[in-house]
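Here is what each chain is made of, one letter per residue.
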Amino acid sequence: MKIIAITSCATGIAHTYMAAQSIKKLCKQKNIPCKVETQGALGIENELNKKDIEEADLIVLANDVGIQKSERFAGFEEKIFQTDPHTLVKDAGIIFRKEHENEANTE
């Protein structure tokens with residue numbers, strides 16, 4: 001499994017980076033490769049490329065504001081888990097619980 005994410009909050013400061021750290025920490029604990037792009041006050045950092053998106057098993061979009069360059073995700077909607085950065089900061093594990101709920105609903 002490989003996870004990629006974009007985090008972005010309204011002010012582009014605290015929750016953008018806190019959410020990024022939260023998902024990185026969780027993935028490290030679970031030994032899951034991940035890459036997190038932040039779209040904050042400094043602009044796009046650690047930008048996801050086409051290969052990252054194609055190889056991802058799960059795409060987490062944790063944003064309060066519009067994602068820059070969102071067209072990159074066209075055709076990958078089935079891999080996207082949408083949430084807000086505050087929720088991810090409080091409980092990054094939601095991305096795995098939601099994934100299992102989706103799997104259960106398709107059986």
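Residues numbered from 1 in each chain as written. Predicted model: local features only at pLDDT ≥ 70, side-chain atom pairs only at ≥ 80, totals over all residues. Heavy atoms only, no water.

Naming follows an unreviewed UniProt entry, where the protein appears as PTS system, Fru family, IIB component of Enterococcus pallens ATCC BAA-351.

Student: Before we go on, may I ask you to explain the sheet that holds strand β1 (residues 3-8) in this structure?
Tutor: Strands in a sheet are paired, the pairing made by backbone hydrogen bonds, and the direction either parallel or antiparallel. Reading across the sheet, the five strands line up as β3-β2-β1-β4-β5 and stay open at both edges, with mixed pairing between neighbours. Looking along the sheet, the strands with just one partner apiece sit at the ends: β3 (43-45) and β5 (80-83). Neighbouring strand axes in the sheet, compared pairwise and without regard to direction, differ in orientation by 15° on average. Of the pairings in the sheet, the one linking strand β4 (residues 58-63) to β5 comprises four bridges and is parallel in character. For A62, the partnering residue across the bridge sits in β5 and is T83. (Pairing = 2+ DSSP bridges. Helix = DSSP H or I, 4+ residues; strand = E, 2+ residues; numbered from the N terminus. Axes fitted to C-alpha atoms, helices over the stretch in contact; angles between N-to-C directions.)

Student: How should the pairing of strand β2 (residues 34-40) be read in this particular structure?
Tutor: Side-chain direction in a regular strand flips from residue to residue, so the side chains alternate between the two faces of the sheet. Where burial is concerned, most of β2 is hidden: six out of the seven residues are buried. Of the strand pairs in this sheet, β1 and β2 are connected by five bridges, and their pairing is parallel. Directly across from I3, in β2, lies its bridge partner C34. Where β2 folds back on β3, the antiparallel hairpin that results is connected by two residues. (Buried < 20%, exposed > 50% of the residue type's maximum accessible area, 1.4 Å probe, protein only.)

Student: Is there a simple way to explain the pairing of β4 in this structure?
Tutor: Counting buried positions along β4 gives six out of six residues, so the element sits mostly inside the fold. The alternating pattern of β4 places L58, V60 and A62 and I59, L61 and N63 on opposite faces, both of which are buried. Where β1 and β4 come together, six bridges link them in parallel fashion. Residue pairing for β4: I6 is matched across the bridge by L61.

Student: How should I be thinking about unusual backbone geometry in this particular structure?
Tutor: Glycine aside, the phi torsion of most residues is negative, and most peptide linkages are trans. Despite not being glycine, N46 has its phi angle at roughly 60°, a positive value. Positionally, N46 belongs in the loop between β3 and α2 (50-55). Phi is positive for K69, close to 60°, though the residue is something other than glycine. Given the relative accessible area of 40%, K69 is considered partly exposed.

Student: Help me understand the nonpolar core, please; the structure alone is not making it clear to me.
Tutor: In a soluble, globular protein the nonpolar side chains are often hidden away together inside. The biggest cluster of nonpolar side chains holds 17 residues, and the ones touching the most others in it are I3, I23, L58, V60, L88, I95 and F96. Of all the elements, helix α1 (residues 14-29) adds the most residues to this core, at five residues. Apart from the residues within four sequence positions on either side, I95 is in contact with I3, I23, L26, L58, V60, F81 and L88. Judged by nonpolar contacts, the second largest core, of ten residues, contains I6, L48, F73 and F76. (Core = buried A, V, L, I, M, F, W, Y, C linked by side-chain atoms within 4.5 Å. Contact = heavy atoms within 4.5 Å.)

Student: It is not clear to me how the confidence of the model for the protein should be interpreted in this structure. Could you clarify?
Tutor: Low pLDDT marks regions whose predicted coordinates should not be analysed in detail. Summarising the model, the protein shows a mean pLDDT of 90, and 91% of its residues fall at 70 or more. Confidence drops under pLDDT 50 across residues 102-107; counting only partners more than four residues distant or on other chains, this segment forms zero contacts. (pLDDT = per-residue confidence, 0-100.)

Student: Just to check I follow, could you spell out the pattern of salt bridges for this structure?
Tutor: When charged atoms on two side chains of opposite charge get close, those side chains can pair. Under the defined criterion, the tally for this structure stands at nine salt bridges. Where D52 meets K35, a salt bridge forms, and the shortest distance between an N and an O atom there is 2.8 Å. On the criterion of sequence distance, the pair formed by D52 in helix α2 and K35 in strand β2 is long-range, its members being 17 residues apart. A salt bridge links E37 to R72; its shortest N-O distance comes to 2.9 Å. In this pair, E37 sits in strand β2 while R72 sits in the loop between β4 and β5, placing the two residues 35 residues apart along the sequence. An identical accessibility class is assigned to E37 and R72; each is buried. Among the charged side chains, a network of salt bridges with common partners joins K2, K35, K51, D52 and E55. (Salt bridge = Lys/Arg side-chain N within 4 Å of Asp/Glu carboxyl O.)

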